[in-house]
Amino acid sequence: MNYKKIENKWQKYWEDNDLHKFDPKNIDRKHYVLEMFSYPSGANLHIGHWWNFGLSDSYARFKKMQGYEVFQPMGFDSFGLPAENYAIKTGIHPKDSTYQNIATMERQIKEMGLMIDWSAEIITSDPSYYRWTQWLFLQLYKHELAYQKDAPVNWCPSCNTVIANEQVQNGECERCHNIVERRNMTQWFFKITNYAEELLNDLEKLDWPEKTKIMQTNWIGKSVGGEIEFDTESGHSFRVFTTRADTLPGLSFVVLAPEHPLVDVITTPEQKQVVQEYKKQALMTSEIDRLSTAKEKSGVFTGAYAISPLDNKRVPVFIADYVLYTYGTGAVMGVPAHDERDFVFAQKYNLPITRVIKSADGSPDELPYTEYGVMTGSGMFDGLTSEEGQLKVIEYLRKINKGEQKVNYRLRDWSVSRQRFWGCPIPIIHCQDCGAVPVPEDQLPVELPYDVNFTPDGQSPLKRHEAYINVKCPACNKDAKRDPDTLDTFVCSSWYFLRYPNASNDKAAFDKEFTNKIMPVDKYIGGSEHAVGHLLYSRFIVKALRDMGYLDFDEPFLSLVHQGMILGPDGYRMSKSRGNTINPDDYIRVYGSDIFRLYLAFGFNYIDGGPWSDEGIRAMVRFSERVDRIVQKYKDCQTETDSKVYNDAEKELDFVTHNTIKEVRADYQSFSFNTAMARIMELVNAIYKYDSLPEADQGFAKGAIITLIKLLAPLAPHLCEEWYEMLGNKPSIFSQSFPEYDESKLVKDKVEIAVQINGKLRGAVVTPSKASQEQIKQIVFQNPQIAKYLEGKTPKKVIVIPRRIVNIVL
RNA sequence: GCCGAAGUGGCGGAAUUGGCAGACGCAAAGGACUUAAAAUCCUUCGGAGUGUAAACUUCGUGCCGGUUCGAGUCCGGCCUUCGGCACCA
């Protein structure tokens, strides 16, 4: 077979007939299938693209054949650091390299033969796209969900930019793996924390992998507890957050984060110097160093004392870097008997350790005892369980105005400013008099200038571009400056799924009515590395736009699938530095797109992935030729009728055909492409077997072959179009409906069931499939093979599972 | 340390709710066809053992226990690998 020729023919046919274009007329039957778009890197498409796009396309084609109006778009997440770093190295402008890469990738993606509606293509670095990213920013700003603050942020010294919490892994930059520093900078943030509770609660509505939901749950990190107010002897006050108010009677000290503003106020003159030094030390310590010394607690005494609101106990106030200024109130109470960190700290600084919780059942326990238990040595609270105590203690404090119930989240606001060139400009102008002034919406987009010196010097490259940076204030018309930063590329990708259906709309980011109908995405496919970044940001943006009145739905992605990863042949992640990359082009040249797609479908489990191996790719050629031979044999057969009188052979083929339909439908729906292929191969085998019979009915066989081609079409679209046409049908096969199965054909007259004796397999008997339990028992006991085991013994119990198994207990 | 997932033949991988472990392929071995090769077709293919043979026995889903008529699947305790989080009060 000439694969290349067949592929070209059908790709042209699809394009000429606009078969992949979404038709808004049929929006009631819409099915939005979306693969996470990709960054246009310089290299050719890698196996991962084929794996993600190719098999998702099979799902999309399956849905199309099921009668859905499928919308499957494609685009490029084209802002970002690699192009800029490449530019710094080679002098080739990011815009030039990016658009060249996009052209190459488009061509290659088209060779895959995907069912893409290219009229909806988007490129995030196009002004026609980022104009609306800027619009989005301004809406967030207008609704106080975008704000500036001077705060400690993660600075990557190698990338020369701030990065978000979600982009820090083990204290390192996720991109370049350099150690991240903390810096205080004035930055733009998005107030994702406003949505912490809803982002958490709505997870249960989603058909997502449990693993991913758990990761988001942990990332949001809700904890329920209380805030407690302490006064210092000097007359100041501060609050601590705790989830264990029941341990408050065991208070031994309190600790403030070094950055806490009260530290300078309450520190006594004698302690001033050590406190200052400790603060300086703590600020200089990088995140990674703080982690590596996790076990070693350090801190210094401020000289000040605080008073417990519960019992007026006087306790020393420390500062220590194990208390994070960015979580809770930046201050904690120290109860060493019931918290491991406090215990270590108290031992080191010789602070009293007082037990106030004992185990509920009185069993012996050691300090620190961090489990829930019963309060003891706690005065009026004695005897309460931890759960009761937490409520009662806070309730008591609330009455005396010294505390309240409080919920805290681990999630922080999303920092979006980046000190880099190749990104979406922030549409804000800073005026000495008016402050931060939004660029009027009718002046969008704020275009990224081309002639920029992007050599890094630790500041935004746009800052040096005089013509760009110097503007008049839109409010007062005085001299002002543009914000020199660009947006995190995750902002671009946090709403792209809304833009696809509106790609050519130049009046608005999206049309509300149409978007409410075509959204949410019905099936979203992409890597699990985005579990807490992109997937969380997108959910936030949709909820924010909903609250602004732009959208009527709550969640962007109803159903999510993470494809596994195809590793190098050595079992490691493919990388150039490891030299274990596989270039799909080498295979495409020889086998074409369909064979390669078939191999990916059959050779691996889609959710798990696995190490690459091309043993077996030849088998797909063999398989396609096997199908081709049977098609060739039947292509001139005119009759396509069901055999009037079904003999056993026809019943058998019918059973396999309908069983295959049933299984394949379920398999495609659950992205289990490898088992779908296995079932289809079984059908091919069954057709060959029937065909080899002298009495085989030609028309009957042909019917099964057409069903086979339709079942296979989503996995091998070009070949199946060709075969379908060869068999005398009008294209396109994708306008045909996917085969339905007939339940009555799945009922066999007779079934073989296994017989166990005392749980051990001892034989099998054939029974009528409708036989009652009693009838089955009779057949079993009459079977000579079984009877010999039963001689002289009385069965104690006989378990009959119709159509499956019989177990006789002696 | 905490959270999560996985562990099945020589290999990739299958096994509805607990119901014949190893579907479907790959590789391998033997055979048919062929002058030959390729292609195709047929047979065997988890381990150990018994038998001339059809066949039979026994062990077997990371390890140790348990529940059950019956466990790859459920429960308890371990081991290993991978992913995520990491002083979150």
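Everything below is about the structure shown above.
Residues numbered from 1 in each chain as written. Chains lettered and ligands numbered in written order. Predicted model: local features only at pLDDT ≥ 70, side-chain atom pairs only at ≥ 80, totals over all residues. Heavy atoms only, no water.

Engineer: Even after reading the chapter, I still don't get the overall build of chain A, so can you show me in this structure?
Structural biologist: The secondary structure content of chain A amounts to 25 helices and 34 strands. Dimensions of chain A, computed from C-alpha atoms along their principal axes, come out at roughly 105 × 85 × 50 Å. Residue burial in chain A is summarised as follows: out of 810 residues, 54% are buried. In chain A, the proportion of contacts linking residues at least 24 apart, taken out of those at least 6 apart, comes to 72%. Here chain A displays about 36,300 Å² of accessible surface, and carbon together with sulfur accounts for 49% of that area. (Helix = DSSP H or I, 4+ residues; strand = E, 2+ residues; numbered from the N terminus. Buried < 20%, exposed > 50% of the residue type's maximum accessible area, 1.4 Å probe, protein only. Contact = heavy atoms within 4.5 Å. Areas by Shrake-Rupley, 256 points an atom, 1.4 Å probe, with all protein chains shown as cover.)

Engineer: Just checking my understanding: could you explain the protein's contact with RNA strand B for this structure?
Structural biologist: For RNA strand B, the set of nearby residues contains 55 residues, the closest of which are Lys297, Arg341, Gly603, Asn605 and Arg626. The sugar-phosphate portion of RNA strand B accounts for 63% of its atoms within 4 Å of the protein, the bases making up the rest. Within the backbone of Gly609, one N or O atom sits 3.4 Å away from a phosphate oxygen of RNA strand B. In this structure, a base nitrogen belonging to RNA strand B sits 3.1 Å away from a side-chain N or O atom of Arg679. Per-element accounting of the surface near RNA strand B gives the leading share, 7 residues, to helix α21 (residues 673-691). The class makeup of the residues in the surface near RNA strand B is 22 nonpolar, 15 polar and 18 charged. (Near = heavy atom within 4 Å. Polar contact = N/O pair within 3.5 Å; in protein donor to acceptor, adjacent residues only side chain to side chain. Nonpolar A, V, L, I, M, F, W, Y, C, P; charged D, E, K, R; others polar.)

Engineer: Any chance you could explain the nonpolar core here in plain terms?
Structural biologist: As a rule of thumb, nonpolar side chains are buried together in soluble globular proteins. If you look at the biggest cluster of nonpolar residues, it comprises 90 residues, and the most contacted ones within it are Trp612, Ile709 and Leu712. Contacts of Ile709, omitting those with residues within four sequence positions, involve Val627, Val631, Cys720, Trp723, Tyr724, Leu727 and Ile733. Counting 87 residues, the second largest nonpolar core, distinct from the first, contains Ile27, Phe37, Leu200 and Ile429. (Core = buried A, V, L, I, M, F, W, Y, C linked by side-chain atoms within 4.5 Å.)

Engineer: For this particular structure, what's the right way to read the sheet that holds strand β31 (residues 750-757)?
Structural biologist: Strand-to-strand pairing in sheets goes through backbone hydrogen bonds, with the strands running parallel or antiparallel. Within the open sheet, the 4 strands sit side by side as β32-β31-β34-β33. Their pairing is mixed. Lying at the two open borders of the sheet, with one neighbouring strand each, are β32 (760-768) and β33 (797-801). Ignoring which end each strand starts from, the neighbouring axes of this sheet average 20° apart. Note: β31 against strand β34 (residues 805-809), 4 bridges, orientation parallel. For Ile757, the partnering residue across the bridge sits in β34 and is Ile808. Helix α24 (residues 773-782) rests against β31, β32, β33 and β34 of the sheet, and its axis sits at about 120° to β32. (Pairing = 2+ DSSP bridges. Axes fitted to C-alpha atoms, helices over the stretch in contact; angles between N-to-C directions.)

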